[in-house]
Each structure stands twice: as C-alpha cells, then as structure tokens.
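Fold and geometry: a report
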Amino acid sequence: MRKKVVAGNWKCNTTLQEGVELAKAVNKLVTEKGAADVVVVLGTPFTHIASVVDAVDTNRIGVASQNCAAEPKGAFTGEVSAAMVKSTGAKYVILGHSERREYYGETSEILNKKLALALENGLTPIYCCGEPLEIRNAGTQADYVINQLKETVFQLSEEDFGKLIIAYEPIWAIGTGVTATTEQAQEMHKAIRDAIAEKFGKQVADDTSLLYGGSCNAKNANDLFANPDVDGGLIGGASLKPDDFIQIINAY
Ligand code: 13P
C-alpha cells in the first residue's frame, strides 16, 4: 500500500533560529491534530537538519535535506555528502528539484550518482520531475517527464526504485501561484504510474507514492489530493506557514 505524504521544501529560507521555531510550531500542530495516516516530512537547509531533528517528534515527522553531493567524500569544498546527511538524523533527501537542475546544472548523470549515494546511505529520495512551460504548451509533457524518469530512476533495480517517493512538479506552477488543475495533475500522475507499471510491474506502481508540487496550498490541496493518483504534496511557500501546512496535511 502506498503512503500519503506531505513534504515541506523550505528551500533557501529561514535562519537556524527561525527554522527551529517553525519546526516546533509544525510539530505541535502535527502531534495535536495531524492526520495519523499521513507521513510528514520537513525539507530544511543542511545547516538546520540536526537541530530540527532534535526539535520534532521523529516518530511523527521525518526530516529531509534538499540535496546531497554526487561524490561520497573527499576534496569537494562546500559539498555535503549523503553519509553526512544521514548522520544528522535525516531520513529523506530531495533530489532532482527543477531549481537544482536549472540553476546548478544538475543533469541526469549527476542525479544518478546522487541517487545511488542516497540509497547506499539509507536515505529515502524524494525524486522530482516536471516540465517547463514551453513543453506544456507544446503538449509533450508526458513524454518529457517520463524521459526524465527513464534517464534516472528507471535505471535503478526494482528493489531500489521501490524505496523512492516521486514528486511531479510542473515548473510553470512552482512559486507562481498558478497550480495545475486537478485534471492536469491526475493526467500526469496517471501517466507516471502507468510508466512505472510498464517498467517495474503493477504492484510496484501501485505502491509508489506520487506527490504533486507547484503552488499547492491550503485552499487547493483538497481538490488535488482527491485525485486517485495524487498521494500527497511537495510544498514550497505554504510549508513556511504552520497553519497552512497543517491544513494541507489534513486535506485528504
Ligand atoms: P511552491 O509550493 O512554492 O510553488 O514550491 C513548490 C516546490 O518547488 C516544492 O518543491
């Protein structure tokens, strides 16, 4: 059975102190009134992970990094390895976010290295895919997104693929206030699930959590999550507001 997941991606926001306060506020709401069957994840900056792990009930909230290095260790100034992330108490790592692909040149080749290291270190990758506006306008979004998966996560063994969470984030909807319609989200999620079924079989496809990301908020989460193939959300801006984030967690 696939899980429902609501993951926050704080991106490059909050100081350490602000982040710990935010995590505490989310923790209070989740432990008091969060839907018990929803897996909650907080994707924090690297600098915050260990403190956020200490600040929350880790039986209830998992912590994610937003990236990890493509090399295991060594002379790579400024990089943070998957083993380091794991040693903080984080359980998840967001990989392949469109902002990393676009601004930091992350290719499928680089992402394959990161995926392998994350999995070797026992982290659960939340792997992002999604098309830019020109691809959506051309109507070739399903081919584009499935090709992103073919170049990366479809190269994994079935066992390793089964450990992933996939997030579909149309780039034109990220931080823009424009959300995919429920039909657009369902159509793409179904296409992704069908492609997984074709590659790894129906059981693996049925068991994979597919999250929607892109201006998902307290108002539209209900409709988006009502789709049969949308198993939760990867939330940017609204994850910085505890009252909105808990509404999203409770939106099923
Ligand atoms: P917004 O929710 O701010 O659009 O961001 C989505 C996102 O990129 C989550 O990873």
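The structure under discussion appears in the preceding block.
Sequence positions are assigned chain by chain, starting from 1 and proceeding in written order. Where totals are concerned, whole chains, interfaces and linings use all residues; where local detail is concerned, this predicted model gives features only for residues with pLDDT of at least 70, and gives and counts side-chain atom pairs only at 80 or more. Calculated side-chain values reflect all of the structure's heavy atoms, with hydrogen atoms and water omitted.

1. A word on the sheet that holds strand 1 (residues 4-9)
The eight strands lie next to each other as 1-2-3-4-5-6-7-8, forming a closed barrel whose pairing is parallel. On average, adjacent strands in this sheet sit at an angle of 25° to one another, irrespective of strand direction. For strand 7 (residues 210-213) and strand 8 (residues 232-235), the ladder comprises two bridges, and the chain directions are parallel. Pairing of Tyr212 across the sheet is with Gly233, part of strand 8. In this analysis, two residues are considered to be in contact whenever any of their non-hydrogen atoms come within 4.5 Å of each other. Structural elements are reduced to axes, namely lines fitted to C-alpha atoms, with helices fitted over the stretch in contact, and the angle between N-to-C directions of any two is expressed from 0 to 180 degrees. In this description a helix means any DSSP run of H or I spanning at least four residues, a strand means any run of E spanning at least two, and both kinds are numbered starting from the N terminus. Here helix 7 (residues 141-151) sits on the sheet in contact with strand 5 (124-129) and strand 6 (165-168), set at roughly 145° to strand 5. A pair of strands is considered paired only if DSSP assigns at least 2 bridges between the two.

2. Quick look at the packing of helix 7 against helix 9 (residues 182-200)
Axis separation between helix 7 and helix 9 bottoms out at 10 Å; the angle between their running directions is 40°. Compared by their axis directions, helix 7 and helix 9 come out oblique. As for how helix 7 packs across helix 9, the hand of that crossing is right-handed. On helix 9, the residues that touch Gln141, Ala142, Val145, Ile146 and Leu149 of helix 7 are Glu187, Met188, Ala191, Ile192 and Ala195. When its residues are assigned to classes, the contact of helix 7 with helix 9 shows eight nonpolar, one polar and one charged. Put simply, angles under 35 degrees are roughly parallel, angles over 145 are roughly antiparallel, angles from 65 to 115 are roughly perpendicular, and the rest are oblique. Handedness of a crossing follows from how the near helix is turned relative to the far one, being left-handed for an anticlockwise turn of less than a right angle and right-handed for a clockwise one. When residues are sorted by character, Ala, Val, Leu, Ile, Met, Phe, Trp, Tyr, Cys and Pro go into the nonpolar class, Asp, Glu, Lys and Arg into the charged class, and all the rest, Gly among them, into the polar class.

3. Section: the side chain of Ser209
Secondary-structure assignment places Ser209 in the loop between helix 10 (202-207) and strand 7. What makes Ser209 buried here is its relative accessible area of 5%. Polar contacts here mean pairs of N or O atoms no more than 3.5 Å apart (in protein, one a potential hydrogen donor and the other a potential acceptor; neighbouring residues in sequence count only if both atoms are side-chain atoms). Polar side-chain contacts of Ser209 include one of 2.6 Å to the backbone oxygen of Lys3. When near neighbours in sequence (up to four residues on either side) are disregarded, Ser209 contacts Arg2, Lys3, Val5, Ile165, Ile166 and Asp231. Only protein chains enter the accessibility calculation, which uses a 1.4 Å probe; a residue is then buried when its area is under 20% of its type maximum, exposed when over 50%, and partly exposed in between.

4. Looking at the packing of aromatic side chains
The criterion for an aromatic pair is that two Phe, Tyr or Trp rings (for Trp, the six-membered ring) have centres within 6.5 Å, with stacked assigned to planes under 30 degrees apart, edge-to-face to planes over 60 apart and tilted to the rest. Counted according to the given criterion, the structure contains five aromatic pairs. Ring plane angle 65° and centroid distance 5.8 Å describe the contact between Phe154 and Phe161, whose orientation is recorded as edge-to-face. Comparing Phe154 with Phe161 shows no difference in burial state: the two are buried. Residue placement shows Arg100 over the ring face of Tyr104; its charged tip is 4.2 Å from the ring centre. Look at NZ for Lys and CZ for Arg. If either is within 6 Å of the ring centre and within 35 degrees of the ring normal, a charge sits over the ring. The ring of Phe200 carries Lys199 above its face, with NZ or CZ at 5.7 Å from the centroid.

5. Some remarks on the site of the ligand
Close contacts around the ligand come from Asn9, Lys11, His97, Glu169, Ala173, Ile174, Gly175, Gly214, Ser215, Leu234, Gly236 and Gly237, and that covers them all. His97 has a polar side-chain atom sitting 2.8 Å from an oxygen atom of the ligand. Take Glu169: an N or O atom from its side chain is 2.9 Å from an oxygen atom of the ligand. Areas reported here follow the Shrake-Rupley algorithm with a probe of radius 1.4 Å; residue values treat only the protein chains shown as occluding. Coverage of the ligand by the protein chains reaches 94% of its 310 Å² of free accessible surface. For the shell around the ligand, the residue count by class is three nonpolar, seven polar and two charged. By convention in this text, a residue qualifies as near a molecule or strand provided that one of its non-hydrogen atoms is within 4 Å of it.

6. As for the side chain of Arg193
Relative to the assigned elements, Arg193 resides in helix 9. Accessibility expressed as a relative area gives 6% for Arg193, which makes it buried. Polar contacts involving the side chain of Arg193 include one to the main-chain carbonyl oxygen of Ala205, which spans 2.8 Å. If near-sequence neighbours (up to four positions away) are discounted, Arg193 is found in contact with Arg2, Ala205, Asp206, Thr208, Leu210, Asp229 and Asp231.

7. Considering the layout of surface pockets
Of the volumes computed, that of the largest pocket is approximately 370 Å³. Within this scheme a cavity is a closed region of a 1 Å grid, computed over the protein atoms alone, that accommodates a 1.4 Å probe without allowing it to escape, whereas a pocket is open but has protein on both sides within 12 Å along at least five of seven lines; lining residues each have an atom within 4 Å of a point. Lining the largest pocket are 14 residues, with Lys11, Cys12, Gln66, Arg100 and Tyr104 positioned closest to its centre. When residues in the lining of the largest pocket are grouped by element, the largest group, three residues, is from helix 4 (residues 98-103). Broken down by class, the residue content of the lining of the largest pocket amounts to six nonpolar, five polar and three charged. Grid points are joined across faces, edges and corners, and a volume is the space filled by probe spheres set on the points.

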